[in-house]
Amino acid sequence: MFFRRGARMLRWLVCGRLGPVWMWKALLLFLAIAFAGQLLGVIFNKSNVQPAARSIFSSPDAQGPSLGSCQPHTHIMFLKTHKTASSTVLNMLYRFGDEHSLRFALPLGYQLGYPLPFNAHRVKGYRGPRAIEFHIMGNHMRFNKPEVEKVMPADTFYFSIIRDPVALAESSFAYYKEVAPAFRKAKGLGEFADDPKKFYDPRLRNNHYARNLLWFDFGLDNNANFSLALARLGEDMIRRTFKLILVSEYFDQSMILLRHALCWPLDAVVFFSLNARQQKPSGVAGTWVGKAAAVAAGVGVRGGLVQAKMPPNLSLTPEQREKLRQWNAFDWYLYKAFNKTFWEEIDKFGHAQMEKEVRLLRMRREDLARVCLRDGGKPVEAHRIRDKNIRPFQSGLVKILGYELQPGLDNATRMSCLRMIRPEIQYKDVLDSKQFPQFHAVPAQQQSQRLLVAVGGTFIKQEQPRKGIKETGGEAGAGGRTLEEGMKDWDGSRLVRNNQTLVREHEKGRLR
């Protein structure tokens, strides 16, 4: 506009008369001021345009130290052992596969037939050996190598995780107190440890949670009498199959070894602890709260008064801890053997390099927690989480904690943060809906049954009791029924007993 006015004035001067000198000076000054104003306006406007925010997940720190020229593993089998921080590991596998559009070997429900030995037909979408390429398998199963090999490619990387059997027993007792009959009968873990045989019946369903749970998950007989020869046979079987055994007590170091073994970026193994239980109860029993909040918190309601369940007594004396190691002798043997191997791996890796990478892992976790998580990243009780879709499922007498997302995140950052805190059951459903969109709509009744399976094992169809086959009475609900011959597995196969382990009739005699 300023330029147009100046041009009209110039035409007037040229077409008319030249005029005095002062008029030319005024014209030049006017044009200079107009040009400067125009230029400053452009600069000012540009200064207000902010560049698009970069997500923290796309920063160079996300990659971590160089891994050289290796290629990332995408065929992975993780044996998800119980109460070993395995849910946190599974979340990493879920995230990596989700971000890279890999195909998961997902269960029909929430576990791969557990506690029965794994069968390939329990994988949703399985169409025969190698008919479909599956990249990642990691849901709970009782390991059965021949069946797993039908599903997973030959170059699959197998790994698992173990934990000190005393700490594992503490977590199992807290989580499965109402599921395992052996635990339910004991007032506290110390009482159980003093005389386990007083409470333990190997025939009762879900009592496997109470003895040699690691040994059981690896597909071995948890009720066998301990001998060094048998323990070594089990160890050798595990070593031949599993390329890496992580140790729960050294989780950060485990993640560094796993990252290098899989050739994954640092962010792929950065974690927020999932499925953690509340160590100390909060609040006082008898507090008046809303019914919806009480249900979400997993406590009973009588009228408007919350009847909070008392957390189980997990205190142990040194003598009781030693008794638990003897009771779980196979697990204790595995823990000592693979803990030794774990530190041998760190010796090869280099202690100085391990300390450096663990520091980077922890710094990165703190950075992501500041960005992603509300209230400083501290886990909170499920009923305090506003988004119901990321509330962890509650089971047993202890509260399972979760996280809340920081408000105001951009879409890309929010999605990456959400993947890190999404509970296992909900994440499985998300992946299931992506792989099998035609089955996305699940009736509410069926969904609730699946949640029960996720906690207490598989459902088993039962025939009418045959003559000579008895059921143990007095144990109602999950964990209360004796598994006996005459029952049927999910696909109708008859179950028979083999060395105190129920297997399909056509699988009888197969070495495990």
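Refer to the structure presented above.
Residues numbered from 1 in each chain as written. Predicted model: local features only at pLDDT ≥ 70, side-chain atom pairs only at ≥ 80, totals over all residues. Heavy atoms only, no water.

A.B. asks: How would you summarise the overall build of the protein if you had to cite specific residues and measurements?
C.D. replies: A count of helices and strands for the protein gives 18 helices and 12 strands. A buried classification covers 51% of the 512 residues belonging to the protein. Across the protein, contacts joining residues at least 24 apart in sequence account for 71% of those joining residues at least 6 apart. Summed over its atoms, the accessible surface of the protein is roughly 25800 Å², and 56% of this surface lies on carbon and sulfur atoms. (Helix = DSSP H or I, 4+ residues; strand = E, 2+ residues; numbered from the N terminus. Buried < 20%, exposed > 50% of the residue type's maximum accessible area, 1.4 Å probe, protein only. Contact = heavy atoms within 4.5 Å. Areas by Shrake-Rupley, 256 points an atom, 1.4 Å probe, with all protein chains shown as cover.)

A.B. asks: Could you give an account of the state of the cysteines, with specific residues and numbers?
C.D. replies: Under the defined criterion, the tally for this structure stands at two disulfides. The side chain of Cys70 participates in a disulfide bridge whose partner is Cys263; the two sulfur atoms lie 1.9 Å from each other. Note on the Cys70 and Cys263 pair: the S-S dihedral is about 85 degrees, so by sign convention the disulfide is right-handed. Of this pair, Cys70 sits in the loop between α2 (21–47) and β1 (76–79) while Cys263 sits in the loop between α11 (251–262) and α12 (291–297), and the two are 193 residues apart along the sequence. Disulfides within the protein link the bonded cysteines, taken in sequence order, as 1-2, 3-4. (Disulfide = S-S within 2.5 Å.)

A.B. asks: Could you give an account of the environment of Ala186, naming the residues involved and the relevant values?
C.D. replies: Topologically, Ala186 is positioned in the loop between α6 (181–184) and α7 (189–194). Put simply, Ala186 and Lys198 are 12 residues apart on the chain and 9.3 Å apart in space, counted from C-alpha to C-alpha.

A.B. asks: Give me the pairing of β1: which residues, what numbers.
C.D. replies: Along any regular strand the residues' side chains alternate between the sheet's two faces. On β1, burial covers both faces: Ile76 and Phe78 on one face and Met77 and Leu79 on the other are all buried. The pairing of β1 with strand β3 (residues 157–162) spans four bridges and is classified as parallel. Bridge pairing in β3 places Phe78 opposite Phe159. Sheet analysis places β1 next to strand β2 (residues 136–137), joined by two bridges and oriented parallel. Directly across from Ile76, in β2, lies its bridge partner Ile136. A crossover connection joins β1 to the parallel β2 through helix α3 (residues 86–99); in handedness this β-α-β unit is right-handed. (Pairing = 2+ DSSP bridges. Right-handed = clockwise from strand over helix to strand, strands pointing away.)

A.B. asks: Provide a residue-level description of the nonpolar core, including the pertinent values.
C.D. replies: Counting 114 residues, the largest nonpolar core has Met137, Val151, Phe159, Phe192 and Met255 as its most contacted members. Top contributing element to this core by residue count: helix α14 (residues 329–349), with eight residues. Setting aside residues no more than four positions away along its own chain, Phe159 makes contact with Ile76, Met77, Phe78, Leu79, Val89, Leu93, Phe242, Leu244, Leu246 and Leu258. (Core = buried A, V, L, I, M, F, W, Y, C linked by side-chain atoms within 4.5 Å.)

A.B. asks: Summarise the packing of aromatic side chains; cite the residues concerned and give the values.
C.D. replies: The tally for this structure, following the rule as stated, stands at 26 aromatic pairs. The interplanar angle of 55 degrees and the centroid separation of 5.0 Å between the aromatic rings of Phe143 and Phe242 together place this pair among those described as tilted. Of this pair, Phe143 sits in the loop between β2 and α4 (145–151) while Phe242 sits in the loop between α10 (228–241) and β4 (244–247), placing them 99 residues apart in sequence. Given a relative accessible area of 5%, Phe143 falls into the buried group. (Phe/Tyr/Trp six-rings, centres within 6.5 Å; stacked < 30°, edge-to-face > 60°.)

A.B. asks: Outline the environment of Ala85, listing residues and values.
C.D. replies: Within the secondary structure, Ala85 sits in the loop between β1 and α3. Separated by 76 residues in the primary sequence, Ala85 and Ile161 have C-alpha atoms spaced 8.2 Å apart. For Ala85, the residues in contact, after removing those within four places along its chain, are Ser248 and Phe251.

A.B. asks: I'd like a rundown of α3, residues and numbers included.
C.D. replies: Taking 1.5 Å of rise per residue, the 14 residues of α3 would be expected to cover 20 Å, and the 20 Å separating its terminal C-alpha atoms lies within 8% of that figure. Where α3 terminates, the next one or two residues include Ser101, which has phi positive at roughly 55 degrees. (Expected span 1.5 Å × (residues − 1).)

A.B. asks: I'd like a rundown of the pattern of salt bridges, residues and numbers included.
C.D. replies: For the coordinates displayed, the defined rule picks out 20 salt bridges. For Asp98, the salt bridge identified is with Lys434, shortest N-O distance 2.6 Å. With Asp98 in helix α3 and Lys434 in helix α17 (residues 424–435), this residue pair connects regions lying 336 residues apart in the sequence. For Lys434, a relative accessible area of 51% translates into the label exposed. Of the charged contacts in the structure, one is a salt bridge between Glu149 and Lys145, with a shortest N-O distance of 3.9 Å. Of this pair, Glu149 and Lys145 both sit in helix α4, four residues apart, which is roughly one turn of the helix. In this structure, a network of salt bridges that share partners links the residues Asp98, Glu99, Arg419 and Lys434. (Salt bridge = Lys/Arg side-chain N within 4 Å of Asp/Glu carboxyl O.)

A.B. asks: Tell me what's going on with the sheet that holds β2, and back it up with residues and numbers.
C.D. replies: In spatial order, the strands read β2-β1-β3-β4; together these four strands make up an open sheet with parallel pairing. Strand pairing shows two members of the sheet lacking a second neighbour, β2 and β4, which therefore form its edges. Summarising the sheet, β3 and β4 pair through four bridges and their orientation is parallel. Bridging from a neighbouring strand, Ile162 pairs with Val247 of β4. Across the sheet, α14 lies against β3 and β4, angled at about 100 degrees from β4, the strand it touches most. (Axes fitted to C-alpha atoms, helices over the stretch in contact; angles between N-to-C directions.)

A.B. asks: Tell me about unusual backbone geometry, and please be specific about residues and values.
C.D. replies: Look at the link from Tyr114 to Pro115: it is a cis peptide, with omega at 10 degrees. Within the secondary structure, Pro115 sits in the loop between α3 and β2. In this structure, Asn206 takes a positive phi of about 75 degrees despite not being glycine. Take Asn206: its relative accessible area is 2%, and that puts it in the buried class. Positive phi, normally seen in glycine, also occurs at Asn212, with a value near 45 degrees. Locating Asn212 in the fold gives a position in the loop between α8 (196–199) and α9 (213–217).

A.B. asks: Outline the packing of α3 against α17, listing residues and values.
C.D. replies: In the contact formed by α3 and α17, the axes pass within 11 Å of each other and the chain directions differ by 25 degrees. As the angle between them shows, α3 and α17 are arranged roughly parallel. Handedness of the crossing formed by α3 with α17: left-handed. Contact residues: Ser87, Leu90, Asn91, Tyr94, Arg95 and Asp98 in α3; Glu424, Tyr427, Lys428, Leu431 and Lys434 in α17. (Parallel < 35°, antiparallel > 145°, perpendicular 65-115°, else oblique. Left-handed = near helix turned anticlockwise from the far one by under 90°.)

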